[in-house]
Structure formats: structure tokens, C-alpha cells
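Now for the letters of each chain:
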Amino acid sequence: MKKHVMYMTVLSAFLFASSCKQNEKETEPIKPKETVEVTYQGVPITNAYDSKIDSLIALMTIEEKTGMLHGNSMFATKAIERLGIPELTMADGPLGVREEISRDSWAAAGWDNDFATYYPAGGGLAATWNTELSYLFGTSVGEEAIARDKDVLLSPAINIIRTPLGGRTYEYFTEDPFLNKKLTVPFIVGVQENDVAVCVKHYAANNQETHRDYVDVQIDERALREIYLPAFKAAVQEAQAYSFMGAYNKFRGEYLCENGYMLNDVLRDEWGFKGIVISDWAAVHDTKKSIENGLDVEMGTPKPFNEFYYADALIEKVKSGVIAEADVDVHVKRVLQLMFSLKSIDDAGRAKGSINTEDHFQDAYKIAAESVVLLKNENNQLPIKLDGVKSIAVIGNNAKKKNALGGFGAGVKTKREVTPLEGLQNRLPESVTINYAEGYLERYSNDEKAKLGDITLNGPVTIDKLEPDMLEEAIKAAKSSDVAIIFAGSNRDYETEASDRASLKLPFGQEELIEKVLEVNPNTIVVIIAGAPFDIQNISQKSSVLIWSWFNGSEGGNALADVILGNVNPSGKLPWTMPKKLEDSPAHATHSFPGDESVNYTEGILVGYRWFDTKNIAPLYPFGYGLSYTNFEFSDLKTNKSTYKTDEVIQVSFKVKNTGDFSGKEVAQLYVSDPESYVEKAAKELKGFKKVFVKQGEDQEVVMTLPVKELAYYNEVKKSWLVEPGTYILKLGNSSRHIEKEVVIEIHK
Ligand code: BGC
């Protein structure tokens, strides 16, 4: 990846950043460039900008103004050519820059120059636990977005994973708010350095697909602040995100795109957001409420664009005096400020970007290579030792399945998607014969529509029966080969936007297939490719080697082969808890999923491992878990002092020693417990992490900084963050269930 120039000019950065609250400085190294106030003869230059914007608005008709505030095609607003104002152009999304969509329908536009790099989906990026890779992803996809002339990239998708059944779990990062924000900030900075705005989605409390169009989400204020909002807040205050997407659902009785509390009070007044709020597609329900409560741009699905709430209806309401034109101007002004900041109006000096390049494919490779999670490796069976291996059986539909496109959600049209089978073909020496058998069929019973992610309550209904001849072929391949590798799991037709899964069961009869293959070849490696947890308890008991991979981008197959063959030492860690069974997960244990008209998040702050650890429920694989081909040991855990005041920063240092036979990366995870709290607290919470490379046989000193304010809880009565004085235990380990060292500190007022 070439060195990136900070494209954001002082002036454009100033427009947004100077007014964002800066009081919550973090120690994260990847941040937007420092902004400097630019003045001309003592007058801040923003005034010059503002007056230019004001004079443009003064020249506009109400029709021109509203044209800037709603979709005039599927992914753009309307230009005002006579004033030199272009469309505001947008594209999905989380897996890379989406193919060009027709102007007036969801059909592909059929261009032949809209190929893009397919990057690992959110779960894959999160499993790297590597903030530098998040920045790399951002810069890389930002370059692609600007090369395709997009002003707004509809990404990152950062909703908290509340239920393992969530249809969009593969797109989102994690169940943990700290990991979520630490990955979100550098991603945004990377994208926006390319004069492209992110659109942070889906704001907020959009944690399920079931009833997403109307479900009224009830979350207590503390859980909202501690679990569901931190990454959104960091997106504003630490990364200066230019835009947010209002979610489909309701929150406390009001749709998110007309929710005054969430859009005006929290986002703008409290956090200081200066960007624009764009609706999710067809998420607007009321012109006046949305205009008054902070929604700037309405986007939607096909219907005549003048029928949008922000089109003829808005013009009519202004003309009849129901809405003041000055209120419309507020939104137009924000859109124009964004356009100037992105240099989309005066495009001199705007970034040019590049797309579909080898550099970008290699960026996708780097992320994929660090995302693969080694769950089990009895007797160090992996990496495969090729001495004496003449044949490998490759079994499973997932060995060939492509996931750049699929299901209901946005994907990427790409020239390169290396499948797991191709990855092995690329990496294995010619002397090894690959015996491929498909093993199972990807089949659905609720017709073709389901494959396209038909919006149903339970999503695609799978046919879970194996074909006897295919099973036979797979068993034969396994028996006659030295090693067998099964590629199982799910895909993007099955895990899809618009529906949650009905269960955690592996679809298409795969469990039976895996069991049968394990019976005939003990030298079998099971690889699950999926974006969300599955019930793999039985498989995990029966197999001796288990790997987890993701919808992992253009180079996913090469990265996976490199891990299996030992060219890459695995360093991925689960970004969520793998439960033994669904009922162990908090939303299900409390019977508070999926609700109907409304859903009440009764587990409160105890989301993900916070629930499992506090209630002492053993997960199958804990949050933060992942093996390596080597072993690491933590030692010498120390803090720079033993007592701190609430405005201080704790310096934590320790050593990581690589005691095994491979060089590799480990993710040191720092959890904090507050055993003497007066309020309910989770057994432990992640408050720091660092991915470190340590050479075989060497050790390394690591220093982490932990601002004491990170230990605060949200006090609902005082409506503020409070750090309780008293004793805290800092716990260092490599998963939420494997803590190696502890140190006690005291916090004083
Ligand atoms: C999704 C968004 C997406 C939008 C445009 C909606 O259905 O929820 O994430 O950005 O469509 O494709």
C-alpha cells in the first residue's frame, strides 16, 4: 500500500472538525489531521465559505432546494446545473464499492467499468483485531470510491451484534463497544482522506432484521450509552464522520429518521455532529417530523422520485406555510457544506483514487490473512506438513462458493474472488493431487425468491438433506486421500440482510456430511466459512482441527490456503461469543428476541461475553479467542502507579514472549473488573488491546494506555458518565476466558 497523502485540506477539515467536541481525546494513533483555524485579515475563513453557501441558497428555488434533499435516482440527489451544484453521489458499502445500480430501479446498470475490489466483510475485519488494518481498509476502499466518482460511501456498518441469528452479523463488527469503536475510527479516517464521506450506519439500535421496518426498540439509557452508541459517538468525536444513516426501525416510539432525541439531542447537540443524516433507503415516514427532527436527505427505493416525502410533499408544505423555508435551508446548507468539504463543487485538488488494482487486492489479502481464526488444533496437526502427502481431498460446496454477491444486501462486482479451492490450487505444489467432491448442495425450499433474500420472518428455508451419491463421492475422496479438508458453513444467500436466521443449525445437511467424512479420515481439517455463529458444538467435539473463516474478499481463498499450509501464522480472534447453544445467548435467554411491534432489550448492558462471563455460562468459544501455531506468554504486568485520579491515564506495561516454534502475532487483551461497584457491572469489560508481532523465541515489551475515564459507567439519574472511586482489577489475557495476569489499582476522586 502506498503512503497516503492527507488529502483533507485544512479548510475542509476545519469546516467540520473545529466544531466537533474535542474534549475526549484518545491515544489512538490514527486520527484526522490536526486542524488549524485559517483566517483572512483576522476573519475566520469559514465565514467566507458560509457566505458563499448562503448566497447560493439565496439563488435557489424551493424546487431546487428540495431536489438536493432527496433521491432523484437510486443513489444520487439532484444537481442544480445553472448554479454549478452537482448531484451528491453515493454507493454501498461494507464489502467494497458496489456495482453501479440503475438510476430508477434496483437492477444493475450493466456497466462494464464498475468492477471493484471485494474486501473482507465486517466480521473478517473485526477478527483481525488490528486497527492499522482497519485504516488500510478505509484508505483502500476510499480510493476506490473516489475513482468511481462517489461522494458518499455507505459504510461502515457498526451495529452491535446482539443476537447470533442476526442476518447482517457478517456485515457488522462485533458484540463489544470498545473493539467496535477502535475499529470504526481508523476506518473512517482512511476513507475520508480520499475526499469521500463515510455514512456510518445504521444509526441506531438496528440490531435485528426481523420487523426492521417498524419494530420499536426499547433500550434502557445505560445500555444505549454503554453498548450501542460508543462507536457512533467515536465516529463523530474522534473521526469527524461526515455523514450518518438513519435506521429503518423505531426507537422509543419514534422512527429513527424522525427521532428528535437521537438525531437532534444526542447526535448534534450532545456530540457536536456537523455532517448530514441520510435516511436508509425508504426509511422516511413523515415529511414534517423528519425535517424538524434532523434528517437531511431522504433516499429510497423505486417509486417516482417526486413522490418522496422530501419532494413534492415538502414543496407543498413550505408553500402552505406548514414548514418554514428557513427550516429547509438548514438542511440544504449542511449538504452544501459537505460538498465543499469533499471538493465536489470546486473539484480542484480533489483526490483521484484508483480502483480494482493489484495494490488493493493485496490490501484485501492482508486483512483476510489476519482474520482467519484457528479454533482447534490437536497435536499441532496444522499447518499441514506436506512431507509424504500426495493427495488432499477438498470437500464441500463452500470450497467453490463465491460470496462477493448474494442475498439481499449490497455486494461487489469483482474481477477477482479466489475461492478456497483455487487458493489451494495456487499454493500447493504440483506433486499434490486435489480430489474435489462437492459433498452437499446449496438448496432452498421457499423458491427462488428466498435465494434473493425474500423478506420473510425466517429468511431462506434450506433443504437439509444430502444426496446419497454426493455423500458417497465425498467419502470416497476422503478415504483415498492423505488429508481431507471440508469447507462448510454458510454463504451470503443464507446469511442475508432483511431476514434473521431461524436457528444456528448448519444448513444443507452439512453436519451429517462432516461426521461421515471424519469417520473415514481422521486426518480431516474442518473449515467453517461464515459471518455469524453456528451451532458447531458436535463438530467441534468430533474434529481435531477446526478453522473459522469469513466472507473474506477477493483474496480470501489465498489467505486461507496460506494459513492451512503455514505460510501465514493465524492471528484472528473471535469478535463475538460462539455459544454452545442459542438459548445461552442473552437476547434468547431473556426471551427478548425478536419481539413484534416492539422489542425490549431486557438483558441491558449484559450483551455478548458480558452476559456469559457475569452469569457463568461457558461458551463454546469465547470472545477474543483464537489459536496460533506458536504459544505466547504474558509476564511482568505493571501499571505506572497504583492509584489514579479520574482525569489521569493509566500506563499498563507487560511482556509478551513467543515460546513456540513460529514467529507470529498475538492480541493482548486488557479487561477490567470493578468488584466493589454500587451499580450492576459486567464481570469484566474489554478496555484495551494490542496486536503485537513477536519473533520465535523472543519477547517484547508492550505499553498500553488506558484513560481512567474509560472505566466510567453511564449514570441514568445524573445523565452523565461517572467513574466510581475504589478498586479495579486489570486482567490481561488472550480471550475473555483466558486471563493470565492481573493487577489491582485504586481510583480516587
Ligand atoms: C440497507 C443499507 C444500504 C441501502 C442502500 C438498505 O436496504 O439497509 O445498508 O446502504 O439499502 O443499498
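Each remark here, short or long, concerns the structure printed above.
Residues numbered from 1 in each chain as written. Predicted model: local features only at pLDDT ≥ 70, side-chain atom pairs only at ≥ 80, totals over all residues. Heavy atoms only, no water.

Novice: When you look at the packing of helix α7 (residues 221–228) against helix α9 (residues 260–270) in this model, what are you seeing that I'm missing?
Specialist: Packed helix pairs are specified by the crossing angle of their axes together with the interaxial distance, meaning the distance between the axes. At a minimum axis separation of 15 Å, α7 and α9 run at an interaxial angle of 55°. Between α7 and α9, the crossing angle belongs to the class labelled oblique. Once α7 is placed against α9, the crossing between them reads as right-handed. Mapping the contact onto sequence places Glu-221, Leu-224 and Arg-225 in α7 and Tyr-261, Met-262, Val-266 and Glu-270 in α9. Among the residues making up the contact of α7 with α9, the classes are represented as four nonpolar, no polar and three charged. (Axes fitted to C-alpha atoms, helices over the stretch in contact; angles between N-to-C directions. Helix = DSSP H or I, 4+ residues; strand = E, 2+ residues; numbered from the N terminus. Parallel < 35°, antiparallel > 145°, perpendicular 65-115°, else oblique. Left-handed = near helix turned anticlockwise from the far one by under 90°. Contact = heavy atoms within 4.5 Å. Nonpolar A, V, L, I, M, F, W, Y, C, P; charged D, E, K, R; others polar.)

Novice: Would you mind showing me how to read the sheet that holds strand β11 (residues 373–377) here?
Specialist: The pairing of strands in a sheet comes from backbone hydrogen bonds and takes either a parallel or an antiparallel form. With mixed pairing, the six strands of this open sheet are ordered in space as β11-β16-β15-β14-β12-β13. With one partner strand each, in any of the chains shown, β11 and β13 (433–437) form the two edges of the open sheet. Ignoring which end each strand starts from, the neighbouring axes of this sheet average 20° apart. When strand β12 (residues 391–395) meets strand β14 (residues 483–489), the two strands line up parallel, connected through four bridges. The residue of β14 that forms the bridge with Ile-392 is Val-483. Across the face of the sheet, helix α14 (residues 420–427) comes into contact with β12, β13, β14 and β15 (524–529) while running at roughly 170° to β13. (Pairing = 2+ DSSP bridges.)

Novice: Would you explain the side chain of Thr-174 in this entry?
Specialist: Inspection of the secondary structure assignment puts Thr-174 in the loop between β4 (152–154) and α6 (177–192). At a separation of 2.9 Å, a polar atom in the side chain of Thr-174 contacts the main-chain amide nitrogen of Asp-176. Ignoring anything within four residues of it in the chain, the contact list for Thr-174 reads Asn-159, Ile-160, Ile-161, Leu-179, Asn-180, Pro-575 and Phe-623. (Polar contact = N/O pair within 3.5 Å; in protein donor to acceptor, adjacent residues only side chain to side chain.)

Novice: Quick question: what am I supposed to make of the site of the ligand here?
Specialist: Taken together, 14 residues lie around the ligand, and Asp-92, Arg-168, His-202, Asp-280 and Glu-497 are the ones closest in. For the ligand, an oxygen atom lies 2.5 Å from a polar atom in the side chain of Asp-92. In isolation the ligand exposes 310 Å². Once the protein is present, 96% of that is buried. Across the shell around the ligand, the residue classes tally to six nonpolar, one polar and seven charged. (Near = heavy atom within 4 Å. Areas by Shrake-Rupley, 256 points an atom, 1.4 Å probe, with all protein chains shown as cover.)

Novice: I'm lost on the pattern of salt bridges in this one. Help?
Specialist: It is possible for side chains bearing opposite charge to pair when their charged atoms get close. Under the criterion given, the structure shown has 50 salt bridges. With a shortest N-O distance of 2.6 Å, Arg-225 and Glu-270 are connected by a salt bridge. Residue Arg-225 is found in helix α7, and its partner Glu-270 is found in helix α9; the two are separated by 45 residues along the sequence. Among the salt bridges present, the one from Arg-737 reaches Asp-613, with a minimum N-O distance of 2.6 Å. Here Arg-737 is found in the loop between β26 (726–735) and β27 (738–748), whereas its partner Asp-613 is found in helix α21 (residues 609–614), with 124 residues between them in sequence. Arg-737 sits in the partly exposed class, given a relative accessible area of 33%. Classification of Asp-613 by relative accessible area gives buried; the value is 7%. It is possible to trace a salt-bridge network through shared partners that takes in Arg-168, Glu-171, Glu-209, Arg-212 and Glu-497. (Salt bridge = Lys/Arg side-chain N within 4 Å of Asp/Glu carboxyl O. Buried < 20%, exposed > 50% of the residue type's maximum accessible area, 1.4 Å probe, protein only.)

Novice: Looking at this model, I keep getting lost on the packing of aromatic side chains. Mind explaining?
Specialist: Given two aromatic rings, their pairing is described by the distance between the two centres and the angle made by the two planes. This model, assessed by the stated rule, comprises 28 aromatic pairs. Note on Tyr-629 and Phe-662: the rings are 5.7 Å apart at their centroids and 50° apart in plane angle, and the pair reads as tilted. One end of the pair, Tyr-629, is in the loop between α21 and β18 (632–639); the other, Phe-662, is in the loop between β20 (649–658) and β21 (664–673), with 33 residues separating them in the sequence. Looking at Phe-662, the relative accessible area reads 29%, which means it is partly exposed. Each member of the aromatic cluster is reached from another via a ring pair, and the members are Trp-129, Phe-178, Tyr-609, Phe-623, Tyr-671 and Phe-689. For the cation-ring pair, Arg-501 lies above Phe-534, with the distance from its terminal atom to the ring centre recorded as 4.3 Å. The cationic tip of Lys-615 hangs over the ring face of Trp-611; the distance from NZ or CZ to the ring centre is 5.0 Å. (Phe/Tyr/Trp six-rings, centres within 6.5 Å; stacked < 30°, edge-to-face > 60°. Lys NZ or Arg CZ within 6 Å of the ring centre and 35° of its normal.)

Novice: For this particular structure, what's the right way to read the pairing of β21?
Specialist: In regular strands, side chains alternate between the two faces of the sheet. Counting buried residues in β21 gives nine out of ten residues, a clear majority hidden from the surface. By the bridge criterion, nine bridges tie β21 to strand β22 (residues 685–694) in an arrangement that is antiparallel. For Gln-669, the partnering residue across the bridge sits in β22 and is Phe-689. The pairing of β21 with β26 spans five bridges and is antiparallel. Bridge pairing in β26 places Leu-670 opposite Leu-732.

Novice: Would you mind going over empty space enclosed by the protein with me for this structure?
Specialist: Where empty space is left becomes clear once a probe the size of a water molecule has been rolled over the atoms. The full count for this structure, using the stated rule, is eight cavities of 30 Å³ or more. Roughly 140 Å³ of volume is contained in the largest cavity. Along the walls of the largest cavity sit 17 residues, with Glu-417, Pro-420, Ile-529, Trp-550 and Asn-552 positioned nearest its centre. (1 Å grid on protein atoms, 1.4 Å probe; cavity = no way out; pocket = protein on both sides within 12 Å on 5 of 7 lines; lining within 4 Å. Points joined across faces, edges and corners; volume = space filled by probe spheres on them.)

Novice: What's the story with the nonpolar core in this structure? I'm lost.
Specialist: For soluble globular proteins, nonpolar side chains are generally found buried alongside one another. Counting residues in each nonpolar core, the largest one holds 161 residues, and the members touching the most others are Met-90, Tyr-203, Phe-244, Trp-281, Leu-336, Ile-485 and Phe-487. Tallying contributions element by element places α6 first for this core, with eight residues. The contact partners of Tyr-203, leaving out residues within four places of it in the chain, are Leu-229, Phe-232, Phe-244, Met-245, Gly-246, Ala-247, Leu-256, Met-262, Leu-263, Val-266, Leu-267 and Trp-271. Membership of the second largest hydrophobic core comes to 42 residues, among which are Ala-437, Leu-466, Ala-478 and Tyr-625. (Core = buried A, V, L, I, M, F, W, Y, C linked by side-chain atoms within 4.5 Å.)

Novice: Looking at this model, I keep getting lost on the environment of Gly-123. Mind explaining?
Specialist: Within the secondary structure, Gly-123 is located in helix α4 (residues 122–128). By relative accessible area, Gly-123 is classed as buried at 0%. Residues in contact with Gly-123, not counting those within four places in the same chain, are Tyr-170, Tyr-172, Trp-550 and Pro-575.

Novice: Help me understand helix α8 (residues 230–237), please; the structure alone is not making it clear to me.
Specialist: Side chains that are three or four residues apart share a direction in an α-helix, a result of its 3.6 residues per turn. The buried fraction of α8 amounts to eight of the eight residues, a majority that puts the element mostly inside the structure. Among the residues making up α8, those that are buried are Pro-230, Ala-231, Phe-232, Lys-233, Ala-234, Ala-235, Val-236 and Gln-237. Against α6, β5 (197–203), α7, β7 (243–246), α9 and β25 (720–722) lie the buried residues of α8.

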